[in-house]
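Examination of the molecular architecture
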Amino acid sequence: MLFLKLKHTTDDLITGCKTGSRKAQELLYKQFAGKMLAVCMRYAVDKMEAEDMLQNGFVRVFQKIDDYRGEGSFEGWVRRIMVHSSIEYYRKHHKMMQVEIDETTPGQSANAAAVANLDAKDLMALIQKLSPGYRMVFNLYAIEGYSHKEIGEIMGISEGASKSQLSRARSILKEQVIKMEGRNYEHAG
Amino acid sequence: MSMQDKEMDELFRAKLDNLEIQPSDKVWKGIVVELDGAKRKRSLVPVIRIAASITVFIAVGIFFMLKGDKVADQVATHMGIKQHGLKLTAKGGATDKGESVEHVLQSQQQLQQLASETAKQQTEHDKTTSEIKSIKANTVKDNSIAASNKLRIVNNSKHSTAKTVQPSVTEVRDVEEEKGLPLEQKTLAALPEREIKPTQAVVPDEPLNTDKPVIPGGDDFKTGNKIASVQLPAAKPAKAAVKKHGIRTFGDLINVVVAKVDKRQDKVIHFSDSDDDEESNITSINLGFVKVKKDDK
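Please read these numbers as outputs of a predicted model, since none were measured by experiment. (Residues numbered from 1 in each chain as written. Chains lettered and ligands numbered in written order. Predicted model: local features only at pLDDT ≥ 70, side-chain atom pairs only at ≥ 80, totals over all residues.)

Let's shift gears to the overall build of chain A. Across its full length, chain A carries nine helices and zero strands. Ordered by position in the sequence, the α and β elements of chain A form the string α-α-α-α-α-α-α-α-α. Split into buried and exposed, the 189 residues of chain A put 39% on the buried side. Taking the intrachain contacts of chain A between residues at least 6 apart in sequence as the baseline, contacts between residues at least 24 apart amount to 64%. (Helix = DSSP H or I, 4+ residues; strand = E, 2+ residues; numbered from the N terminus. Buried ≥ 20, exposed ≤ 12 C-beta atoms within 10 Å, placed from the backbone. Contact = placed C-beta atoms within 7 Å.)

Rendered as structure tokens:
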């Protein structure tokens, strides 16, 4: 009966998923896959890696869907699962990687206006260019809103290390923004 | 942290928040494969549980089977005692293969029911002792010829006729001598054909003994009949027991049903017969390869 409808509310799909309906799962996946892949992309080097994170995340969503009691937005719940999936992926694949210290010239700074001029895909590309450690700290702190203490626990580093890595990540991003703005200006000119 | 940093974070967040990137088809296929794999793993769990419970059941069965030998011995000795008790009730005489306590109970019940009839015989004995002895002699002789399955009736009729006819009085010793062997032979011949009736002749052993301690031959005659009666119900022990006990508990119901289906002596499952038990307890299990029997005290 549920799937005779042309449009399904998220609640309908959640109910369907809780009964184990494969069709409901597919529809729910299609509804959130695009947004969630964008979340995973920020934590990944490339799309392939992000899709691995996305797959693991959705499997967990369907397995744990009974745990969702309708408190808070469902999208937020799924998003948190995707972030956790990405963190897990990071632990598995990048834990042993040493944090690269990019030698960038200090003093150069990009202002907010410069960032605003870039589109989302450019910003995503900048983040992906960061080394895994910087990328993780920047994502968790600047975008997800985790504290340094939480990040330290997640990544197995100290709070101070989290702060310094964030600082480093920011300065790298600013430089990259300036470079990109310069390139865009040249193209435009 | 400078204000600029916060602004930059906010810009990154705002711009990336609305971004959507469509994944390739293989992601959904991978999800389906993983979910099915998890299901298959989960479906194994009940199978493992069932296997585990069967293993435990067999292990317990073997444990009780090994322990069951001791229990069987206990039951055997217990049965022996009961059989002895049966003989006592019958006041000696020939032994038989009394198989269970129920037989004793049954014979006792029947004895009580028929006490009145036998009492008449006793009074007759009291009045004319010598006559009865001679009558017995006649009876023994007649009975050896008469049809065996109506022994008691014939016996009674002979009693009455004997009084009127008044056969030639012989000495008591002669009567006893004659009576001894033929009586036993007759009883043995009667066993297969007679049903429960012969028990009736047996009851009044005690009064007979007290009134007439002089005539051991008379007692022998009675006990001979009694033993026969005890032995006979052994032909259908299970059914008789069930009927006597009645269905009061769920266990009794199971016993009746099992008795209908399972004709073995050790039923596939048997519950306790005791009346005072609120709950029925399993007293024996017979699975062919595993037999468990509890001594029901």
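The structure having been displayed, the exposition proceeds.
The subject of this paragraph is the overall build of chain B. In terms of regular secondary structure, chain B is built from 11 helices and three strands. Listing every helix and strand of chain B by position from the N terminus yields α-α-α-α-α-α-α-α-α-α-α-β-β-β. The buried share of chain B, taken over its 297 residues, is 27%. Long-range contacts, defined as pairs at least 24 residues apart, comprise 66% of the intrachain contacts of chain B with a sequence gap of at least 6.

Residues and elements named next belong to chain A. One can find Lys 149 in helix H8 (residues 148-155). Since 11 C-beta atoms lie within 10 Å of it, Lys 149 is described here as exposed. In this structure the C-alpha to C-alpha distance between Lys 149 and Glu 159, which are 10 residues apart in sequence, comes to 5.2 Å.

Within the span of helix H6 (residues 120-129) of chain A, buried status applies to Leu 123, Met 124, Leu 126 and Ile 127 of chain A. One face of H6 of chain A carries all of its buried residues, which in axial projection span an arc of 160 degrees. (Arc of directions from axis to C-beta.)

Residue and element names in this part refer to chain A. If you trace the backbone, Leu 13 turns up in helix H1 (residues 10-18). Along the sequence, Leu 13 and Ala 24 sit 11 residues apart, while their C-alpha atoms lie 5.1 Å from each other. Other than its neighbours up to four places away in sequence, Leu 13 contacts His 8, Ala 24, Leu 27 and Leu 28.

A common way to express how large an interface is: the accessible area buried when the components associate. Contact with chain A, which involves 26 residues of that partner, is made by 23 residues of chain B. With nine residues, helix H2 (residues 22-43) of chain A is the largest single contributor of residues to the side of chain A that touches chain B. Grouping the amino acids of the side of chain A that touches chain B by side-chain chemistry returns 17 nonpolar, four polar and five charged. (Nonpolar A, V, L, I, M, F, W, Y, C, P; charged D, E, K, R; others polar.)

Looking at the element boundaries, Lys 163 of chain A is found in helix H9 (residues 159-188). Spatially, the C-alpha atoms of Lys 163 of chain A and Gly 152 of chain A are 9.2 Å apart, while their sequence positions differ by 11 residues.

It is worth spelling out the sheet that holds strand E2 (residues 282-286) of chain B at this point. All names here are of chain B. With respect to topology, three strands assemble into an open sheet ordered E1-E2-E3, the strand pairing being antiparallel. Two strands close off the open sheet at either side, each with one partner strand: strand E1 (269-271) and strand E3 (291-293). Neighbour-to-neighbour, the strand axes of the sheet open up by a mean angle of 15 degrees, direction not taken into account. Summarising the sheet, E1 and E2 pair through three bridges and their orientation is antiparallel. Among the inter-strand pairings, Phe 271 is bridged to a residue of E2, identified as Ile 282. (Pairing = 2+ DSSP bridges. Axes fitted to C-alpha atoms, helices over the stretch in contact; angles between N-to-C directions.)

Proteins that are soluble and globular tend to have nonpolar side chains buried together. Residue and element names in this part refer to chain A. Ranked by size, the top nonpolar core spans 57 residues in total, and within it Met 36, Leu 37, Cys 40, Leu 54, Met 82, Val 137 and Phe 138 carry the most contacts. Residue contributions to this core peak at 12 residues, all from H2. Each of domain 1 (2-94) and domain 2 (112-188) accounts for three or more of the residues forming this core. (Core = buried A, V, L, I, M, F, W, Y, C linked by C-beta atoms within 7 Å. Domains from an automatic or database assignment.)

On to the confidence of the model for chain B, then. Regions with low pLDDT carry predicted coordinates that are not meant to be interpreted in detail. All names here are of chain B. Counting all residues, the mean pLDDT for chain B is 63, and 35% of those residues have values of 70 or more. The spread of mean pLDDT over the elements of chain B runs between helix H6 (residues 151-165), the lowest at 45, and helix H11 (residues 250-261), the highest at 84. Low pLDDT, under 50, characterises residues 143-172; the predicted model gives this stretch 44 contacts beyond four residues in sequence or across chains. Note that pLDDT drops below 50 for residues 180-186; the model gives that stretch 10 contacts with residues more than four away or on any other chain. Two summary scores accompany this predicted model of the complex, namely pTM at 0.46 and ipTM at 0.81. (pLDDT = per-residue confidence, 0-100.)

We now examine the packing of H1 of chain A against H2 of chain A. Residue and element names in this part refer to chain A. Direction vectors running N to C along H1 and H2 enclose 135 degrees, while the axes themselves pass 8 Å from each other. Viewed along their axes, H1 and H2 adopt a mutual orientation that is oblique. Of the two possible hands of crossing, H1 and H2 adopt the one that is left-handed. The residues of H2 that touch H1, namely those facing Thr 10, Leu 13, Gly 16 and Cys 17, are Ala 24, Gln 25, Leu 27, Leu 28 and Gln 31. Within the contact of H1 with H2, the residues separate by chemical class into five nonpolar, four polar and no charged. (Parallel < 35°, antiparallel > 145°, perpendicular 65-115°, else oblique. Left-handed = near helix turned anticlockwise from the far one by under 90°.)

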